[in-house]
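Coordinate analysis (summary)
Chain by chain, the residues:
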Amino acid sequence: MIDIADARNKAAKLAKRRCCKLNGKAYRYGGEWVFSTIDLSGRVVERNLPDILVDMGTGKVREVYLPSEEGFRILNEKTPIEGGLVTVDSD
């Protein structure tokens, strides 16, 4: 099982390649860690920026965008991580 710190590092690397960064919030959705992104200026943009999901078992990374059926399902069903997540700059 991949821990939250390793998952966050994988998500941050993907976010950097997508010209965005993690917003410091992490969630659980089924067997995946979910990391929300913001644009590089710090603005929260719902469309065109992905939520980055990291499989807790395999470490596989994927993106989900809004609007999409899966994106809205994740938005409605994700569970915040207890105690939040320590924010570390993803640059």
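Throughout what follows, the structure given in this document is the object of discussion. Remember, it's a predicted structure, so these values are computed and weren't measured experimentally.

Description of the packing of aromatic side chains
- The final tally for this structure, using the stated rule, is 0 aromatic pairs.
- The ring centre of tyrosine 27 lies 4.2 Å from the NZ or CZ of lysine 78, which sits over that ring.

With respect to the side chain of aspartate 51
- Assignment of secondary structure puts aspartate 51 in strand β3 (residues 51–55).
- For aspartate 51, a relative accessible area of 15% gives the class buried.
- Only 3.5 Å separates the side chain of aspartate 51 from the side chain of serine 36, close enough to count as a polar contact.
- Not counting residues up to four positions away in its chain, the partners in contact with aspartate 51 are Val34, Phe35, Ser36, Thr37, Arg62, Glu63, Val64, Ile74 and Lys78.

Some words on the pattern of salt bridges
- Tallied over the full model, the rule gives 5 salt bridges.
- Residue arginine 73 is joined to glutamate 69 by a salt bridge in which the shortest nitrogen-to-oxygen separation is 3.7 Å. Taken together, the positions of arginine 73 and glutamate 69, both in helix α2 (residues 69–77) and 4 residues apart, correspond to about one turn of that helix.
- Under the relative-accessibility criterion, arginine 73 is labelled partly exposed at 32%.
- Residue classification places glutamate 69 among the exposed residues on the basis of a relative accessible area of 66%.

Points about the environment of alanine 15
- Inspection of the secondary structure puts alanine 15 in helix α1 (residues 4–17).
- Spatially, the C-alpha atom of alanine 15 lies 9.2 Å from that of isoleucine 38, the residues being 23 residues apart in sequence.
- If near-sequence neighbours (up to four positions away) are discounted, alanine 15 is found in contact with Cys20, Lys21, Leu22, Thr37 and Ile52.

A closer look at the pairing of strand β4 (residues 61–64)
- Where β3 meets β4, 4 bridges bridge the pair, whose relative direction is antiparallel. If you follow leucine 53 over to β4, its bridge partner there is arginine 62.
- Hairpin connection of β3 to β4: 5 residues between the antiparallel strands, including glycine 59 at a positive phi of 85°.

So, unusual backbone geometry
- In the Ramachandran plot, cysteine 19 falls in the positive-phi region, its phi being about 60° despite a non-glycine side chain.
- Within the element layout of this structure, cysteine 19 appears in the loop between α1 and β1 (20–29).
- What makes cysteine 19 exposed here is its relative accessible area of 54%.

Conventions used here
- Residues numbered from 1 in each chain as written.
- Predicted model: local features only at pLDDT ≥ 70, side-chain atom pairs only at ≥ 80, totals over all residues.
- Heavy atoms only, no water.
- Phe/Tyr/Trp six-rings, centres within 6.5 Å; stacked < 30°, edge-to-face > 60°.
- Lys NZ or Arg CZ within 6 Å of the ring centre and 35° of its normal.
- Helix = DSSP H or I, 4+ residues; strand = E, 2+ residues; numbered from the N terminus.
- Buried < 20%, exposed > 50% of the residue type's maximum accessible area, 1.4 Å probe, protein only.
- Polar contact = N/O pair within 3.5 Å; in protein donor to acceptor, adjacent residues only side chain to side chain.
- Contact = heavy atoms within 4.5 Å.
- Salt bridge = Lys/Arg side-chain N within 4 Å of Asp/Glu carboxyl O.
- Pairing = 2+ DSSP bridges.

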